[in-house]
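# Results of the structural survey
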Amino acid sequence: MSTGHLSIDLSAVAANWRALDAKTTVETGAVVKADGYGLGAARVAKALADVGARRFFVAIAEEGAAVRQALGPDVEISVFSGHMDGDTALIRDLNLTPMLNSVDQVSRHLEHLPGRAFGIQLDTGMNRLGMEWDEWAAVAEVVLAQRPSMVMSHLACADDPDHPMNPYQLDIFHKMTDGITTPRSLSATGGMLLGADYHFDICRPGIGLYGGAPFKDARAVARLDLPVIQVRALDAGEVAGYGNSWQAARPSRIATVSAGYADGLIRAMSDRATLWYDDHPCPLIGRVSMDLLTVDVTDLDFDPEALTILGPKQSVDQLADRAGTIGYEILTSLGNRYSRQSVTG
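What counts, and at which threshold
Residues numbered from 1 in each chain as written. Predicted model: local features only at pLDDT ≥ 70, side-chain atom pairs only at ≥ 80, totals over all residues. Heavy atoms only, no water. Helix = DSSP H or I, 4+ residues; strand = E, 2+ residues; numbered from the N terminus. Buried < 20%, exposed > 50% of the residue type's maximum accessible area, 1.4 Å probe, protein only. Contact = heavy atoms within 4.5 Å. Areas by Shrake-Rupley, 256 points an atom, 1.4 Å probe, with all protein chains shown as cover. Lys, Arg positive; Asp, Glu negative; His and termini not counted. Charge placed at Lys NZ, Arg CZ, Asp CG, Glu CD. Arc of directions from axis to C-beta. Pairing = 2+ DSSP bridges. Core = buried A, V, L, I, M, F, W, Y, C linked by side-chain atoms within 4.5 Å. Phe/Tyr/Trp six-rings, centres within 6.5 Å; stacked < 30°, edge-to-face > 60°. Axes fitted to C-alpha atoms, helices over the stretch in contact; angles between N-to-C directions. Parallel < 35°, antiparallel > 145°, perpendicular 65-115°, else oblique. Left-handed = near helix turned anticlockwise from the far one by under 90°. Nonpolar A, V, L, I, M, F, W, Y, C, P; charged D, E, K, R; others polar. Salt bridge = Lys/Arg side-chain N within 4 Å of Asp/Glu carboxyl O. Disulfide = S-S within 2.5 Å.

## Digging into the overall build of the chain
- Per the secondary structure count, the chain includes 11 helices and 19 strands.
- On the principal axes, the C-alpha backbone points of the chain span a range of 75 × 40 × 35 Å.
- Sorting the 345 residues of the chain into buried and exposed places 52% on the buried side.
- Summarising the internal contacts of the chain: among those between residues at least 6 apart in sequence, 63% fall at separations of at least 24.
- Accessible surface for the chain amounts to roughly 15,400 Å². Of this, 48% is attributable to carbon and sulfur atoms.
- When the 29 positive and 43 negative side-chain charges of the chain are each reduced to one mean point, those points stand 3 Å apart.

See the structure below:
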(Lines give C-alpha, C1' and ligand atoms only; values in the text may rest on other atoms or scores of the structure.)
Protein backbone atom coordinates (compact mmCIF):
# COMPACT_ATOMS: atom_id res chain seq x y z
CA MET A 1 0.00 0.00 0.00
CA SER A 2 1.16 3.54 -0.72
CA THR A 3 -1.29 5.24 1.63
CA GLY A 4 -2.50 4.37 5.08
CA HIS A 5 -5.15 1.69 5.48
CA LEU A 6 -8.09 2.31 7.80
CA SER A 7 -10.00 -0.76 8.97
CA ILE A 8 -13.46 -0.10 10.44
CA ASP A 9 -14.88 -2.86 12.63
CA LEU A 10 -18.62 -2.62 12.12
CA SER A 11 -19.27 -5.51 14.49
CA ALA A 12 -17.61 -3.42 17.22
CA VAL A 13 -19.85 -0.45 16.36
CA ALA A 14 -22.88 -2.71 16.67
CA ALA A 15 -21.61 -4.25 19.91
CA ASN A 16 -21.04 -0.81 21.41
CA TRP A 17 -24.59 0.22 20.52
CA ARG A 18 -26.01 -2.93 22.08
CA ALA A 19 -23.96 -2.44 25.23
CA LEU A 20 -25.15 1.15 25.64
CA ASP A 21 -28.73 0.23 24.80
CA ALA A 22 -28.62 -2.41 27.55
CA LYS A 23 -27.90 0.32 30.12
CA THR A 24 -31.35 1.86 29.59
CA THR A 25 -34.99 0.85 29.36
CA VAL A 26 -35.76 3.55 26.79
CA GLU A 27 -35.20 4.01 23.06
CA THR A 28 -31.58 4.25 21.93
CA GLY A 29 -30.83 6.19 18.78
CA ALA A 30 -27.44 6.80 17.18
CA VAL A 31 -25.43 9.89 16.27
CA VAL A 32 -23.79 9.54 12.85
CA LYS A 33 -22.85 13.17 12.21
CA ALA A 34 -19.50 14.19 10.69
CA ASP A 35 -19.71 11.23 8.28
CA GLY A 36 -20.15 8.76 11.12
CA TYR A 37 -17.36 10.39 13.16
CA GLY A 38 -15.08 10.07 10.17
CA LEU A 39 -15.72 6.37 9.57
CA GLY A 40 -18.46 6.55 6.95
CA ALA A 41 -22.02 7.48 7.87
CA ALA A 42 -23.67 5.09 5.43
CA ARG A 43 -21.75 1.98 6.51
CA VAL A 44 -22.04 2.83 10.20
CA ALA A 45 -25.76 3.62 10.01
CA LYS A 46 -26.44 0.35 8.17
CA ALA A 47 -24.62 -1.65 10.85
CA LEU A 48 -26.57 0.13 13.59
CA ALA A 49 -29.90 -0.30 11.85
CA ASP A 50 -29.18 -4.01 11.55
CA VAL A 51 -29.05 -4.29 15.35
CA GLY A 52 -32.10 -2.19 16.03
CA ALA A 53 -31.39 1.54 15.82
CA ARG A 54 -34.30 3.40 14.25
CA ARG A 55 -33.53 7.02 15.07
CA PHE A 56 -30.38 8.69 13.73
CA PHE A 57 -28.91 12.13 14.33
CA VAL A 58 -26.81 14.32 12.03
CA ALA A 59 -25.43 17.83 12.49
CA ILE A 60 -26.69 19.48 9.29
CA ALA A 61 -29.29 18.67 6.69
CA GLU A 62 -26.74 17.79 3.99
CA GLU A 63 -25.44 14.95 6.18
CA GLY A 64 -28.84 13.29 6.08
CA ALA A 65 -28.50 12.32 2.41
CA ALA A 66 -26.04 9.46 2.89
CA VAL A 67 -28.00 8.05 5.80
CA ARG A 68 -31.33 8.21 3.99
CA GLN A 69 -29.85 6.59 0.89
CA ALA A 70 -28.34 3.78 2.98
CA LEU A 71 -31.39 3.08 5.13
CA GLY A 72 -34.42 4.01 3.08
CA PRO A 73 -37.62 5.64 4.30
CA ASP A 74 -38.34 3.73 7.51
CA VAL A 75 -35.98 5.47 9.97
CA GLU A 76 -36.08 8.94 11.50
CA ILE A 77 -33.13 11.22 10.74
CA SER A 78 -32.94 14.24 13.04
CA VAL A 79 -30.88 17.35 12.30
CA PHE A 80 -29.30 19.09 15.29
CA SER A 81 -28.87 22.43 13.51
CA GLY A 82 -32.59 22.60 12.90
CA HIS A 83 -34.29 24.25 9.93
CA MET A 84 -31.74 26.68 8.54
CA ASP A 85 -32.57 29.19 5.84
CA GLY A 86 -32.14 27.29 2.58
CA ASP A 87 -32.72 23.82 4.11
CA THR A 88 -36.40 23.52 3.23
CA ALA A 89 -36.01 21.46 0.07
CA LEU A 90 -33.54 19.03 1.64
CA ILE A 91 -35.70 18.56 4.72
CA ARG A 92 -38.75 17.93 2.54
CA ASP A 93 -37.12 15.71 -0.08
CA LEU A 94 -35.14 13.59 2.40
CA ASN A 95 -37.92 13.52 4.99
CA LEU A 96 -35.63 14.87 7.71
CA THR A 97 -36.67 15.93 11.20
CA PRO A 98 -35.08 19.25 12.17
CA MET A 99 -34.49 19.98 15.86
CA LEU A 100 -35.78 23.56 15.91
CA ASN A 101 -33.50 25.81 17.96
CA SER A 102 -35.19 29.20 17.98
CA VAL A 103 -38.48 30.98 17.54
CA ASP A 104 -37.31 31.96 14.05
CA GLN A 105 -36.74 28.33 13.15
CA VAL A 106 -40.16 27.38 14.51
CA SER A 107 -41.76 30.07 12.34
CA ARG A 108 -39.78 29.01 9.27
CA HIS A 109 -40.67 25.35 9.64
CA LEU A 110 -44.36 25.83 10.35
CA GLU A 111 -44.67 28.28 7.46
CA HIS A 112 -42.72 26.38 4.81
CA LEU A 113 -43.35 22.76 5.80
CA PRO A 114 -46.63 22.71 7.73
CA GLY A 115 -47.53 19.28 9.01
CA ARG A 116 -44.01 17.89 8.52
CA ALA A 117 -42.04 16.32 11.36
CA PHE A 118 -39.84 18.37 13.66
CA GLY A 119 -38.35 18.29 17.14
CA ILE A 120 -37.40 20.98 19.61
CA GLN A 121 -34.03 21.70 21.20
CA LEU A 122 -33.87 23.59 24.50
CA ASP A 123 -30.90 25.29 26.11
CA THR A 124 -30.47 24.16 29.72
CA GLY A 125 -27.25 26.04 30.36
CA MET A 126 -24.71 25.09 27.70
CA ASN A 127 -25.42 28.30 25.76
CA ARG A 128 -24.84 26.74 22.40
CA LEU A 129 -28.02 25.58 20.64
CA GLY A 130 -31.66 25.62 21.66
CA MET A 131 -34.37 27.89 23.00
CA GLU A 132 -33.91 29.48 26.39
CA TRP A 133 -36.60 29.51 29.04
CA ASP A 134 -38.41 32.68 27.92
CA GLU A 135 -38.39 31.71 24.25
CA TRP A 136 -39.75 28.27 25.01
CA ALA A 137 -42.46 29.64 27.29
CA ALA A 138 -43.62 31.97 24.50
CA VAL A 139 -44.13 29.20 21.92
CA ALA A 140 -44.51 25.97 23.90
CA GLU A 141 -48.29 25.77 23.72
CA VAL A 142 -48.40 26.32 19.96
CA VAL A 143 -45.43 24.04 19.30
CA LEU A 144 -46.63 21.14 21.45
CA ALA A 145 -50.00 21.24 19.70
CA GLN A 146 -48.11 20.38 16.47
CA ARG A 147 -46.91 17.08 18.04
CA PRO A 148 -43.12 17.35 17.78
CA SER A 149 -41.17 14.10 17.63
CA MET A 150 -39.15 14.98 20.73
CA VAL A 151 -37.98 17.76 23.00
CA MET A 152 -34.25 17.54 23.68
CA SER A 153 -31.36 19.29 25.36
CA HIS A 154 -27.65 18.55 25.64
CA LEU A 155 -25.38 18.07 28.65
CA ALA A 156 -22.21 20.16 28.77
CA CYS A 157 -20.15 18.14 31.26
CA ALA A 158 -21.46 14.57 31.13
CA ASP A 159 -17.95 13.19 30.58
CA ASP A 160 -17.26 14.20 34.21
CA PRO A 161 -19.86 12.33 36.29
CA ASP A 162 -19.19 14.41 39.40
CA HIS A 163 -19.52 17.79 37.73
CA PRO A 164 -22.22 19.97 39.33
CA MET A 165 -23.39 21.08 35.89
CA ASN A 166 -24.98 17.65 35.35
CA PRO A 167 -27.62 17.82 38.12
CA TYR A 168 -28.09 21.54 37.39
CA GLN A 169 -29.01 20.87 33.76
CA LEU A 170 -31.14 17.90 34.74
CA ASP A 171 -33.13 20.14 37.08
CA ILE A 172 -33.57 22.84 34.43
CA PHE A 173 -34.68 20.26 31.86
CA HIS A 174 -37.29 18.95 34.29
CA LYS A 175 -38.55 22.45 34.97
CA MET A 176 -38.80 23.24 31.27
CA THR A 177 -40.48 19.99 30.23
CA ASP A 178 -42.23 18.22 33.11
CA GLY A 179 -45.88 17.64 32.34
CA ILE A 180 -45.54 17.39 28.56
CA THR A 181 -46.40 14.16 26.77
CA THR A 182 -43.84 14.65 23.98
CA PRO A 183 -40.88 12.22 24.18
CA ARG A 184 -37.87 13.80 25.87
CA SER A 185 -34.13 13.35 25.30
CA LEU A 186 -31.24 14.72 27.35
CA SER A 187 -28.38 12.25 27.08
CA ALA A 188 -25.67 11.33 24.63
CA THR A 189 -23.02 8.76 25.62
CA GLY A 190 -21.87 10.48 28.80
CA GLY A 191 -25.39 11.13 30.02
CA MET A 192 -26.37 7.51 29.46
CA LEU A 193 -23.59 6.51 31.85
CA LEU A 194 -24.90 8.89 34.56
CA GLY A 195 -27.86 6.64 35.24
CA ALA A 196 -31.59 6.31 34.70
CA ASP A 197 -32.42 9.80 35.96
CA TYR A 198 -30.83 11.18 32.79
CA HIS A 199 -32.37 8.77 30.29
CA PHE A 200 -35.92 10.11 29.83
CA ASP A 201 -37.49 8.60 26.66
CA ILE A 202 -34.71 8.66 24.05
CA CYS A 203 -30.91 8.45 24.36
CA ARG A 204 -28.60 9.37 21.52
CA PRO A 205 -25.09 7.92 21.91
CA GLY A 206 -22.31 9.23 19.70
CA ILE A 207 -18.64 8.80 20.63
CA GLY A 208 -19.30 5.65 22.64
CA LEU A 209 -20.39 3.88 19.47
CA TYR A 210 -16.99 4.56 17.94
CA GLY A 211 -14.86 3.28 20.81
CA GLY A 212 -14.26 6.57 22.61
CA ALA A 213 -14.38 7.88 26.17
CA PRO A 214 -16.20 8.18 28.47
CA PHE A 215 -17.53 4.70 27.59
CA LYS A 216 -14.69 2.70 29.11
CA ASP A 217 -16.15 -0.66 28.08
CA ALA A 218 -16.34 0.26 24.39
CA ARG A 219 -14.74 -2.00 21.84
CA ALA A 220 -12.19 -0.38 19.53
CA VAL A 221 -13.64 0.39 16.12
CA ALA A 222 -10.78 1.84 14.04
CA ARG A 223 -7.37 0.44 13.13
CA LEU A 224 -4.94 2.56 11.12
CA ASP A 225 -1.84 1.06 9.50
CA LEU A 226 0.67 3.31 7.76
CA PRO A 227 3.18 2.23 5.10
CA VAL A 228 6.90 2.81 5.49
CA ILE A 229 8.38 4.46 2.40
CA GLN A 230 12.06 4.36 3.37
CA VAL A 231 14.34 3.52 6.29
CA ARG A 232 17.66 5.34 6.63
CA ALA A 233 20.59 5.08 9.04
CA LEU A 234 21.65 8.14 11.04
CA ASP A 235 24.84 8.66 12.98
CA ALA A 236 24.70 10.08 16.48
CA GLY A 237 24.30 13.85 16.18
CA GLU A 238 22.40 13.84 12.89
CA VAL A 239 18.97 15.49 12.73
CA ALA A 240 15.63 14.63 11.16
CA GLY A 241 12.65 16.60 9.92
CA TYR A 242 11.72 20.25 9.64
CA GLY A 243 13.49 22.67 11.94
CA ASN A 244 16.09 20.07 12.99
CA SER A 245 13.74 19.46 15.91
CA TRP A 246 15.07 15.96 16.64
CA GLN A 247 18.70 14.94 16.96
CA ALA A 248 19.93 11.37 17.23
CA ALA A 249 21.56 10.61 20.56
CA ARG A 250 22.84 7.26 19.22
CA PRO A 251 23.26 5.57 15.85
CA SER A 252 19.65 5.27 14.73
CA ARG A 253 17.38 3.89 12.03
CA ILE A 254 14.60 6.24 11.04
CA ALA A 255 11.53 5.18 9.05
CA THR A 256 9.76 7.70 6.85
CA VAL A 257 6.05 6.88 6.96
CA SER A 258 3.35 7.87 4.48
CA ALA A 259 0.94 10.03 6.51
CA GLY A 260 0.84 13.51 7.99
CA TYR A 261 -1.38 16.33 9.08
CA ALA A 262 -3.18 16.25 5.73
CA ASP A 263 -4.36 12.82 6.84
CA GLY A 264 -5.57 13.96 10.25
CA LEU A 265 -2.39 13.17 12.20
CA ILE A 266 -2.12 16.62 13.68
CA ARG A 267 1.13 18.52 14.25
CA ALA A 268 0.52 18.49 18.00
CA MET A 269 1.58 14.82 17.91
CA SER A 270 5.13 15.84 16.95
CA ASP A 271 7.73 14.16 19.17
CA ARG A 272 4.93 12.83 21.38
CA ALA A 273 3.09 9.99 19.64
CA THR A 274 4.03 6.34 19.34
CA LEU A 275 3.56 3.94 16.45
CA TRP A 276 3.67 0.19 16.88
CA TYR A 277 4.92 -2.91 15.15
CA ASP A 278 3.04 -5.73 16.90
CA ASP A 279 4.11 -5.31 20.56
CA HIS A 280 7.07 -3.06 19.80
CA PRO A 281 6.70 0.71 20.36
CA CYS A 282 8.34 3.00 17.81
CA PRO A 283 8.47 6.69 18.81
CA LEU A 284 7.39 9.37 16.37
CA ILE A 285 10.36 11.76 16.21
CA GLY A 286 10.58 15.27 14.87
CA ARG A 287 7.73 17.29 13.41
CA VAL A 288 4.67 15.88 11.73
CA SER A 289 4.65 17.26 8.20
CA MET A 290 1.86 17.39 5.64
CA ASP A 291 2.40 13.94 4.15
CA LEU A 292 5.16 12.28 6.18
CA LEU A 293 6.13 11.11 9.65
CA THR A 294 9.58 10.13 10.86
CA VAL A 295 9.66 7.23 13.29
CA ASP A 296 12.52 5.73 15.29
CA VAL A 297 12.71 2.00 14.47
CA THR A 298 16.23 1.51 15.85
CA ASP A 299 15.07 -1.09 18.36
CA LEU A 300 13.54 -3.30 15.69
CA ASP A 301 15.97 -5.78 14.17
CA PHE A 302 14.46 -5.36 10.69
CA ASP A 303 12.93 -2.71 8.47
CA PRO A 304 9.13 -2.80 8.82
CA GLU A 305 6.83 -2.46 5.82
CA ALA A 306 4.13 -0.73 7.88
CA LEU A 307 3.49 0.63 11.37
CA THR A 308 0.24 0.92 13.32
CA ILE A 309 -0.90 4.17 14.93
CA LEU A 310 -4.42 3.05 15.93
CA GLY A 311 -4.82 -0.56 16.95
CA PRO A 312 -4.59 -3.05 19.80
CA LYS A 313 -1.74 -1.16 21.49
CA GLN A 314 -3.09 2.37 21.10
CA SER A 315 -6.70 3.46 21.28
CA VAL A 316 -8.07 6.63 19.75
CA ASP A 317 -8.17 8.24 23.20
CA GLN A 318 -4.59 7.23 24.01
CA LEU A 319 -3.41 8.77 20.75
CA ALA A 320 -5.49 11.86 21.47
CA ASP A 321 -3.91 12.18 24.93
CA ARG A 322 -0.47 12.21 23.31
CA ALA A 323 -1.59 15.07 21.08
CA GLY A 324 -3.29 17.02 23.84
CA THR A 325 -6.75 16.64 22.33
CA ILE A 326 -9.76 14.30 22.44
CA GLY A 327 -10.69 11.17 20.54
CA TYR A 328 -13.48 13.01 18.70
CA GLU A 329 -10.92 15.21 16.93
CA ILE A 330 -8.70 12.29 15.98
CA LEU A 331 -11.55 10.28 14.46
CA THR A 332 -13.24 13.12 12.61
CA SER A 333 -9.92 14.36 11.20
CA LEU A 334 -8.95 11.11 9.49
CA GLY A 335 -8.23 12.06 5.90
CA ASN A 336 -9.69 10.83 2.63
CA ARG A 337 -6.39 9.48 1.29
CA TYR A 338 -6.61 6.35 3.40
CA SER A 339 -7.88 3.19 1.78
CA ARG A 340 -10.83 2.02 3.85
CA GLN A 341 -12.18 -1.43 4.56
CA SER A 342 -15.14 -2.49 6.66
CA VAL A 343 -14.58 -5.63 8.71
CA THR A 344 -17.03 -7.60 10.84
CA GLY A 345 -14.94 -8.99 13.65
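## Some details on the environment of Leu292
- Its place among the elements puts Leu292 in strand 17 (residues 292-296).
- Judged by its relative accessible area of 34%, Leu292 is partly exposed.
- When the C-alpha atoms of Leu292 and Ser258 are compared, they prove to be 5.1 Å apart, with 34 residues separating the residues in sequence.
- Beyond its immediate chain neighbours, meaning those up to four positions away, Leu292 contacts Ile229, Thr256, Val257, Ser258, Ala259 and Gly260.

## What to know about helix 3 (residues 41-50)
- Along helix 3, the residues classified as buried are Ala41, Val44, Ala45, Ala47, Leu48 and Ala49.
- Buried residues along helix 3 sit against helix 1 (10-21), strand 3 (30-31), helix 2 (33-37), strand 4 (55-58) and helix 4 (64-71).
- Positioned one or two residues after helix 3, Gly52 has a phi angle of 125 degrees, which is positive.

## Observations concerning helix 10 (residues 316-323)
- Along helix 10, the residues that are buried comprise Val316, Leu319, Ala320 and Ala323. The buried residues of helix 10 occupy an angular sector of 100 degrees when the element is viewed end-on, so they sit on one face.
- In this structure, the buried residues of helix 10 make contact with strand 18 (306-310) and helix 11 (327-333).
- Taken from the residues just after helix 10, Gly324 is the one with a positive phi, measuring 70 degrees.

## Some remarks on the sheet that holds strand 9 (residues 184-185)
- The strand order across the open sheet formed by 7 strands is 3-4-5-6-7-8-9, and the pairing between neighbours is parallel. A strand with exactly one partner marks an edge of an open sheet, and here the two such strands are strand 3 and strand 9.
- In this sheet, strand 8 (residues 151-152) lies alongside strand 7 (residues 119-121) in parallel orientation, the contact comprising 2 bridges. For Ile120, the partnering residue across the bridge sits in strand 8 and is Val151.

## Digging into the nonpolar core
- The biggest cluster of nonpolar side chains holds 75 residues, and the ones touching the most others in it are Leu39, Leu48, Phe56 and Leu226.
- The element contributing the most residues to this core is helix 3, with 6 residues.
- Membership of the second largest hydrophobic core comes to 13 residues, among which are Phe118, Met131, Ala140 and Val143.

## Quick notes on the packing of aromatic side chains
- A full pass over the atoms with the stated rule returns 5 aromatic pairs.
- Ring centres 4.4 Å apart and planes at 15 degrees place the aromatic pair Tyr37 and Tyr210 in the stacked group. Taken as a pair, Tyr37 in helix 2 and Tyr210 in the loop between strand 10 (202-203) and strand 11 (222-234) lie far apart in primary sequence, 173 residues in all.
- Assessed through its relative accessible area of 6%, Tyr37 is described here as buried.
- Through a chain of ring-to-ring contacts, the aromatic side chains of Tyr37, Tyr210 and Tyr328 assemble into a single cluster.

## With respect to the packing of helix 1 against helix 3
- Contact pair helix 1 / helix 3: the axes reach a minimum separation of 9 Å and the direction vectors enclose 50 degrees. By the angle between their directions, the pair helix 1 and helix 3 is classed as oblique. Remark: the crossing between helix 1 and helix 3 carries right-handed chirality. Of helix 3, the residues touching helix 1 (which contributes Leu10, Val13, Ala14 and Trp17) are Arg43, Val44, Ala47 and Leu48.
- The class makeup of the residues in the contact of helix 1 with helix 3 is 7 nonpolar, no polar and 1 charged.

## Remarks on the pattern of salt bridges
- Tallied over the entire structure, the rule returns 14 salt bridges.
- The partner of Arg253 in a salt bridge is Asp303, with the nearest N and O atoms 2.8 Å apart. Of this pair, Arg253 sits in strand 14 (residues 252-258) while Asp303 sits in the loop between strand 17 and strand 18, and the two are 50 residues apart along the sequence.
- One network of salt bridges, with partners in common, ties together Glu27, Arg55 and Glu76.

## Section: the side chain of Ser153
- Of note, Ser153 is situated in the loop between strand 8 and helix 8 (165-177).
- Relative accessible area serves as the criterion here: at 1%, Ser153 is assigned to the buried category.
- What Ser153 contacts, discounting residues up to four positions off in sequence, is Leu122, Asp123, Thr124, Phe173, Ser185, Leu186 and Arg204.

## Concerning the state of the cysteines
- Scanning the model with the defined rule gives 0 disulfides in all.
- Free of any disulfide, Cys203 has its nearest cysteine sulfur in Cys157, 18 Å distant.

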